[in-house]
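# Analysis of the macromolecular model
Now for the letters of each chain:
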Amino acid sequence: MIDSTTTDYDLPIEGMTCASCAGRVEKALRAVPGVEDAAVNLATEKAHIRTKGHTDAKVLQTAVERAGYTVTAAETTLGIEGMTCASCVARVEKALRAVPGVIDATVNLATEKAHINALPGISRASLVSAVQKAGYDVRPENPFTAPAVAEPARWWTVLETRHLVLATILSFPLVVPMLLSVFGVHLTIPGWIQWALATPVQFWLGARFYHAGWKALKAGSGNMDLLVALGTTAGYGLSVYQLFSAHAAHGESHFYFEASAVVITLVLLGKWLESRAKHQTAAAIRALQALQPATAWVRVDGREIETPIEQVMPGDQVVVKPGERVPVDGVILEGQTHMDESMITGESLPVTKQPADTVTSGAINAEGLVVVETQAVGAETTLARIIRLVENAQAAKAPIQRLVDKVSAIFVPVVIVIAAATFIGWWWYSGDVQQAIINAVAVLVIACPCALGLATPTAIIAGTGVAAQHGILIKDAEALEIAHRVSTVIFDKTGTLTLGKPRLTAYEAMNGDHQNLLRLSAAVQHGSEHPLAKAAITAAGEQRLQVPSANNHTALAGRGVSAQVEGTLLNLGNTRLMDELAIDLSPLKARAASLEAQGNTISWLARVGDYRELIGLLAFGDEIKLEAQAAVNELHRHHINTVMITGDNQGSASSVAATLGIQDFVANVLPADKAAAVSRLKAQNAVVAMVGDGINDAPALAAADVGIAMATGSDVAMHTAGITLMQSNPQRVVDAIDISRRTYAKIRQNLFWAFIYNLVGIPLAALGLLSPVIAGAAMAFSSVSVVTNALLLKRWQPRSSEKHSSSAQ
């Protein structure tokens, strides 16, 4: 049948600058199969596309990206109710991806959330409708910021507990004869009493399985609930048949009411334990959310007014009293104190704060009253950004999950086929229809797609959560999975291995007027944020030199800076810049080599104009971080190679590398060359992690298999990296790799047991070696064991913290 319907899409396009761009995008879109027409409007930066039938929005996005442009997508999150296993996840994802305009959809069973990436304009109603047609419900939208993992609704928790207790009370008498038989006591409960006890368990307390199973059937699929409903109904139905048959009248029948009732009770127990365990995996993110105070004391006309946090604006002066949490990001205007930032940075010791120091929302003010000028509030605070990073990581799927998704898609239908084959085979082999039914029931009951669905997300949630509590922010699941395989760590030098706060250690002028050299150097670098510039300006200020004004400042990327000072064009920079300007450095070359050998970075000042001449050199020293040596030693102990890369000179780089025991280093590197160096190592089959903190490290961070950024550095570096360290501590690199390894180990353990459980349990049940009660118990506790194993990650402690605390004692 030919689909005669058409679908219209409006794609927002970024990156177009001219008519030729628009033409290139149109050509790329028209080449997509199913596209009837595409028109690009350069003014509105939108592409209007008409397709025959339904064309996947992902395909359209890919076509635009291959043409060299970007499609702006909108992100939506839906809370999904009613999912019970990995098959449910696959069905919801399939339903959402089928909505026209949806680029991608990922569903997380542990958080019970769907994250949808779609074209702007896709209504929430259409997404909700797709979920409902798949047999599930969507939690009502919260107009306020919702927790990453919502607390279970109180009534639902109480109801689930009540149902479990009632099911246990009703099922226990049915199990008593089986328990007593072990001790040689034979007790028979009349069939009609067994029926009276089992019926409410089957159709009232077990109604959830029928509801969910029926929804799955209507959607043309199956899930764990369908397996439980089919299995227990078969056992219950057989028993009812026997009860009212002629055999029962003569007391010749054995009933299986205890099997159906106990299986339902055990599954309810398993789901109850599972929900409690899943709730614990998200404890870290809820702890972060709890750090945000609901109100702030805002100073207005000399008075302190308690104000809801949503009403606090940038520029407001907020008073933070001793013992209170800081409600905003800002800068201290008045007061001195110590602040506990452990929940944000992982640093256990309080940090001294005084005027001009920055403070972060969520930190605890230990003693003094301080006044803070608000810079960011609400969703723009560091705390909110941390929570979003952790949420995104927990929502994402690790690459290893793809195998699970493929298995889950066919799991339930395959189990039903195996159960049918078991029934037919046993009936043909033994002629005993009762035994055939019971063995088929055991197959249906023991199969557990829940464990498969929970194996990966629970470990990721627990691992990223505990890492965030210790100041290690893992932005996506892929970074977490790759980091455990890292074989080479590349460190940027300045600000990563060193403090990044160089000081002027020496300066020498060609004509002997050293103070004039410093005065001119400070003028050229005035207004620059570069650490070397700050060091020169600070040194000039300490000597109270009169620094002349300068204009026409020009930054020379990776080489230095130039400016017009007192009518003369001056260039200040590294040896590379001087070579480009053909400046003769020979008079001070020996002195520079001596200073470099001591670990200093050399900058040269030269006059450029009608004639060119060298004015002098400046030497800057940067102190190596105390933790750097321990970090390098620890990486070497784990057989991870270390490399240092820097834009500094060979002598300075050699000194730092020799001190730390780093054998491989690259000096005099431009920012673009850092990325090339990373690529060269990757080409040698190394799994590379790049550690940096500056804007110039961003290309290398992006080029690495895993980018690790120091949060004390630039926002660009943090945005590019897959992992962000809230402390500027190189030892946290070791910790990040360690938690990655431990989390990935938990994922592999969970998947191993989930697969082995089903691969072993289903054949045993099919062979008649498991009773439905044992099968039900095994199924109920399989998913609980997976979640509990993941929860063991909550005990993880960074090694750097352990050493730090022990040394502090």
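A quick note: this is a predicted structure, and the numbers were derived from the prediction, not measured. (Residues numbered from 1 in each chain as written. Predicted model: local features only at pLDDT ≥ 70, side-chain atom pairs only at ≥ 80, totals over all residues. Heavy atoms only, no water.)

### Notes on the UniProt feature "transmembrane region" (unreviewed entry) in the protein
Going by this rule: UniProt positions are given in the numbering used here, feature names are shortened, and annotations may be inferred rather than shown by experiment. The way it works is that DSSP assigns letters per residue, a run of H or I at least four long becomes a helix, a run of E at least two long becomes a strand, and they are numbered from the N terminus.
This chain's UniProt record puts "transmembrane region" (unreviewed entry) on residues 164–186, 192–210, 222–243, 255–273, 407–429, 435–455, 750–767 and 773–793. Annotation note: span residues 192–210, helix share 95%, strand share 0%, distance between end C-alpha atoms 24 Å.

### As for the pattern of salt bridges
The condition is simple: We count a salt bridge whenever a side-chain nitrogen from Lys or Arg sits within 4 Å of a carboxyl oxygen from Asp or Glu.
Under the criterion given, the structure shown has 17 salt bridges. Across the pair R519 and E566 runs a salt bridge, and its minimum N-O distance is 3.1 Å. Separated by 47 residues along the polypeptide, R519 in helix α19 (residues 514–524) and E566 in the loop between β22 (560–565) and β23 (568–573) bring together distant segments of the chain. Salt bridges here are not isolated pairs; linked through shared partners, they connect E26, R30 and D37.

### Digging into the nonpolar core
How we decide: Definition of nonpolar core: a set of buried residues of the types Ala, Val, Leu, Ile, Met, Phe, Trp, Tyr and Cys, connected through side-chain atoms within 4.5 Å. Classification of residues uses two cut-offs on accessible area relative to the type maximum, computed with a 1.4 Å probe and protein chains only: under 20% is buried, over 50% is exposed, and between them is partly exposed.
The biggest cluster of nonpolar side chains holds 133 residues, and the ones touching the most others in it are I80, M83, I116, V489 and I723. Of all the elements, helix α28 (residues 731–766) adds the most residues to this core, at 13 residues. Listed in part, the 24 residues of the second largest apolar core include L11, L29, A47 and A63.

### Concerning helix α4 (residues 124–133)
For clarity, the cut-off: Here, the arc refers to the directions that run from the helix axis to the C-beta atoms.
Within the span of α4, buried status applies to L127, V128, A130 and V131. Projected onto a plane normal to the axis of α4, the buried residues spread over an arc of 160 degrees and lie on a single side. The outward face of α4, more than 90 degrees from its buried face, is lined by the exposed residues A125 and K133.

### Comments concerning the sheet that holds strand β24 (residues 601–608)
As a reminder, the rule being used: Pairing between two strands requires that DSSP report at least two bridges joining them. An axis is simply a line fitted to the C-alpha atoms; with a helix, the fit covers only the stretch in contact. Between two such axes, the angle follows the N-to-C directions and lies from 0 to 180 degrees. The contact criterion used is simple: two residues touch if any of their non-hydrogen atoms lie within 4.5 Å.
Pairing is antiparallel across the open sheet formed by six strands, whose spatial order is β20-β25-β24-β23-β22-β21. The sheet terminates laterally at β20 (503–509) and β21 (550–556), the two strands that pair on one side only. Strand-to-strand, the axes of this sheet are offset by a mean angle of 20 degrees, without reference to chain direction. This element, α19, spans β20, β21, β22, β23, β24 and β25 (613–621) of the sheet and lies at about 120 degrees to β20.

### Focus: the confidence of the model for the protein
The line we're drawing: For every residue, the predictor reports its confidence as pLDDT, a number between 0 and 100.
Taken as a whole, the protein shows an average pLDDT of 81; of its residues, 88% reach a score of 70 or greater. Below pLDDT 50 for its whole length, residues 142–156 participates in 19 contacts with residues either more than four positions away or in separate chains. The low-confidence segment residues 804–809, where pLDDT is below 50, has three contacts with residues more than four positions distant or belonging to other chains.

### As for a nonpolar patch on the surface
Rules: Nonpolar side chains (Val, Leu, Ile, Met, Phe, Trp, Tyr) within 5 Å and like charges within 9 Å form the patches, drawn only from residues with over 30% relative accessible area and no salt bridge. Surface accessibility follows the Shrake-Rupley procedure with a 1.4 Å probe radius. Residue values consider only the protein chains on display as shielding.
Together, L759, V760, L764, L767 and L769 make up a nonpolar patch on the protein surface, roughly 480 Å² of accessible area in all. Counting through the fold element by element, L767 comes out in the loop between α28 and α29 (772–791). Owing to a relative accessible area of 54%, L767 belongs among the exposed residues under this scheme.

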